[in-house]
Amino acid sequence: MTVSAKRNSVVKALAALAALVPILAAGPAAAHPHAWIDLVSHVGFDAQGRITGIVEEWLFDEFYTAFIIDGIDAEPKARQAALERLARTNLDNLREHGYFTDFRIDDRRVAVGEVGEVETALRDRRLWMRFTVPLAEPIPVRGQWIGYAVYDPSYFVEMLHVEGFAPTLKTPPGLSCTASLTPPSPSPETRRLAFALDRTQNAGDSLGVHFAEWVTLKCE
Amino acid sequence: MRVGRAAVAPALAALLLASADAAAAEGWTDAVLRPAADAWAWLAAAIAGLQADLHRQLAEALRALKAQGEAAAWGLIGLSFLYGVFHAAGPGHGNMVISTYMLTHESRLRRGLAISALAALAQGLTAIVLVEVTVALLGLTLRQANEAAIHVEHVSYALVALVGLMLLVGGGRRLLARRGDGHGQAHTDGSEHGADCGHAHGPTARELQAPLAYRQTAAIVLSIGVRPCSGAVLVLLFAHVLELHWAGIAAVAAMSAGTALTVSCLAALSVFARALALKLTAALPEARGRMGLVVDGLACLGGIAVLALGLGLFYDALAARPHPLF
């Protein structure tokens, strides 16, 4: 062993020790979800067989619900009014985030419009709301890969379809489509990237996509 | 054989580079790091799934307690403990600070375990005090309590940065003291000194560190402990809604115990990893007579890593916009 080779091995031993630090430190601080939403979704079509939007139902977990409705009047009418204001506020805040709805054609993101009506209620101590996220323009479906996912880009909230409630399609006559649900399965490489990314200041919003549940449409 | 300090400088530079961004490392480091990172990522995902289930079950357990009374309390306590265990196993800044500190500073297992346990318990206590004061005493809404928790979080990150600075200054002063003493390297050529010859003169490294170590312990516990565990805050808020104060507090205590268990395991791993790495380094002929320098250099790097972590978290927290749903 030459002197420089030995020196090299010292460097390596020390570097290995130091390398343990970022591995342990690589985990993002806010990566794990702290709220959960059970999701139901339907794809809406127009008479020409174009996709117009996604009808979504969000059912929040009990902790979030307890947290968010604290201080709200218990009297039914006042409560309902307060819930509607709350749903409106949430949707207004979600607007700049595309309502957490990532609709893609051939892997290109499609712009969504503004949510109109919203229905909301408390269901067994859990906040529920239903609304339609319209596509900015109706999209014809033939010949392309079409899919969507509903997820919080920061992964602070985990959103998954309710078991037994697969996405459904309301296709017009003459159009036959199927929807398949792909559970999130980020590759180890993607996960590594996701965790590494989160160390930079604005990557917080790039984590959720790796843990998103995708709905893929096939039409004939 | 005379290698001199010149050999240590590139070694420290390499350490800096390696810790700056392991992901960018090429060649052999990549071969070592990638499987480790993969395994870690897989584990993180598995834990996240488990955590979601536990979270749901916690809500159930609290409701069961409300409906059935004390008989259901043990279910809640048990679940809370598990939640603490798995929540802490996920990535979190407390883990990062403690692991980094243990890797770069702490050789004694017992103190490593004590720091971990104290930090975990302090987090639970902060959550309880925070929620009790804001909601129960001041009568604020849960949302306002949550906002208070976010402010406390900022303070915690700033404290982490300060701890890093403190560790860096401590390590730097010891390095300078070594140079000022003028012993260690200059006279080692040609003679067969023991591996820790530098320690024979003047105060030993352990003597130098003793008073500092307590300050460091206190600072680390404070910086981590002042940030309330978010899971604990949620459970307390929910317990408050159900008017189950004591159940909430008991649940948080169990959670802290679970967290303490996991963090202690991580701390123990770090202490063992450090011992092994130092042992391997000490076995190298070049390290002879320079182990003190290696230890202090490592301490400086630990300080830099914790400082960077604290600043990064603080900056992120300030730059972060509120979540659209909160």
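Only a predicted model underlies this, so the values are computations on that prediction, with no experimental measurement involved. (Residues numbered from 1 in each chain as written. Chains lettered and ligands numbered in written order. Predicted model: local features only at pLDDT ≥ 70, side-chain atom pairs only at ≥ 80, totals over all residues.)

(A) Representation of the overall build of chain A. Across its full length, chain A holds four helices and 11 strands. Counting only residues that meet the buried cut, chain A has 38% of its 220 residues in that class. In chain A, 72% of the contacts between residues at least 6 apart in sequence involve partners at least 24 apart. (Helix = DSSP H or I, 4+ residues; strand = E, 2+ residues; numbered from the N terminus. Buried ≥ 20, exposed ≤ 12 C-beta atoms within 10 Å, placed from the backbone. Contact = placed C-beta atoms within 7 Å.)

(B) Quick look at the overall build of chain B. From N to C terminus, chain B includes 10 helices and zero strands. Listing the helices and strands of chain B from first to last along the sequence gives α-α-α-α-α-α-α-α-α-α. Counting the 326 residues in chain B, one finds 44% classified as buried. For chain B, the proportion of contacts with a sequence separation of at least 24, taken over those separated by at least 6, is 83%.

(C) Layout of the sheet that holds strand β4 (residues 108-109) of chain A. Here we have five strands laid out as an open sheet, ordered β4-β3-β7-β11-β10 (chain A), and antiparallel in their pairing. Of all strands in the sheet, those bounded by a partner on one side alone are β4 and β10 (177-182) of chain A. (Pairing = 2+ DSSP bridges.)

(D) Just helix α2 (residues 62-69) of chain A, in detail. Residue and element names in this part refer to chain A. Counting buried positions over the eight residues of α2 gives eight, a clear majority of the element. Along α2, the positions that sit buried rather than exposed are Glu62, Phe63, Tyr64, Thr65, Ala66, Phe67, Ile68 and Ile69. Among the residues trailing α2, Gly71 stands out with phi positive, at a value near 90 degrees.

(E) Spotlight on the confidence of the model for chain A. Residue and element names in this part refer to chain A. Averaged over every residue, the pLDDT of chain A is 80; the share at 70 or more is 75%. The model gives residues 19-31 a pLDDT under 50, and that stretch makes 50 contacts with residues more than four places away or in other chains. Note on residues 193-203: pLDDT under 50 across the span, and 23 contacts to partners over four residues away in sequence or across chains. (pLDDT = per-residue confidence, 0-100.)

(F) Seen up close, the nonpolar core. Residue and element names in this part refer to chain B. Among the nonpolar cores identified, the biggest contains 117 residues, and Leu62, Val97, Leu236, Leu237 and Phe238 are the most heavily contacted of them. The greatest single-element share of this core, amounting to 13 residues, is contributed by helix α10 (residues 291-319). Apart from the residues within four sequence positions on either side, Leu236 is in contact with Ala127, Ile128, Val131, Gly248 and Val252. (Core = buried A, V, L, I, M, F, W, Y, C linked by C-beta atoms within 7 Å.)

(G) Unusual backbone geometry, seen in detail. All names here are of chain A. One non-glycine residue, Asp124, lies in positive phi territory at about 55 degrees. Along the chain, Asp124 falls in the loop between β5 (118-123) and β6 (126-140). Phi at Arg125 is positive, roughly 70 degrees, even though this residue is not glycine. With respect to the helices and strands, Arg125 occurs in the loop between β5 and β6.

(H) The packing of helix α5 (residues 109-137) of chain B against helix α9 (residues 245-282) of chain B, seen in detail. Residue and element names in this part refer to chain B. In the contact formed by α5 and α9, the axes pass within 8 Å of each other and the chain directions differ by 150 degrees. Judged by the angle between their axes, α5 and α9 are roughly antiparallel. Like other packed secondary-structure pairs, α5 and α9 cross with a definite hand, here right-handed. The residue makeup of the contact of α5 with α9, split by class, is 18 nonpolar, seven polar and no charged. (Axes fitted to C-alpha atoms, helices over the stretch in contact; angles between N-to-C directions. Parallel < 35°, antiparallel > 145°, perpendicular 65-115°, else oblique. Left-handed = near helix turned anticlockwise from the far one by under 90°. Nonpolar A, V, L, I, M, F, W, Y, C, P; charged D, E, K, R; others polar.)

(I) Representation of the packing of α5 of chain B against helix α8 (residues 230-241) of chain B. Residue and element names in this part refer to chain B. Contact geometry for α5 and α8: axes closest at 9 Å, N-to-C directions at 40 degrees. α8 is crossed by α5, and the crossing has right-handed handedness. Across from Gly124, Ala127, Ile128, Val131 and Val135 in α5, the residues of α8 making contact are Ala232, Val233, Leu236, Leu237 and His240. Each residue belonging to the contact of α5 with α8 can be placed in one class, and the counts come to eight nonpolar, two polar and no charged.

(J) Focus on helix α3 (residues 76-95) of chain A. In this model α3 of chain A runs 28 Å from its N-terminal to its C-terminal C-alpha over 20 residues, within 8% of the 28 Å that 1.5 Å per residue would give. The inward-facing, buried residues of α3 of chain A abut β5 and β6 of chain A. (Expected span 1.5 Å × (residues − 1).)

(K) Structural context of the pairing of strand β3 (residues 101-105) of chain A. Residues and elements named next belong to chain A. Sheet topology places β3 next to strand β7 (residues 146-150); five bridges connect them, and they run antiparallel. If you follow Asp102 over to β7, its bridge partner there is Ala149. Bridge count between β3 and β4: two bridges; the pairing is antiparallel. The partner of Arg104 across the bridge, within β4, is Arg109. Following β3, the chain reverses through two residues before pairing antiparallel with β4; Asp106 in that reversal takes a positive phi of roughly 45 degrees.

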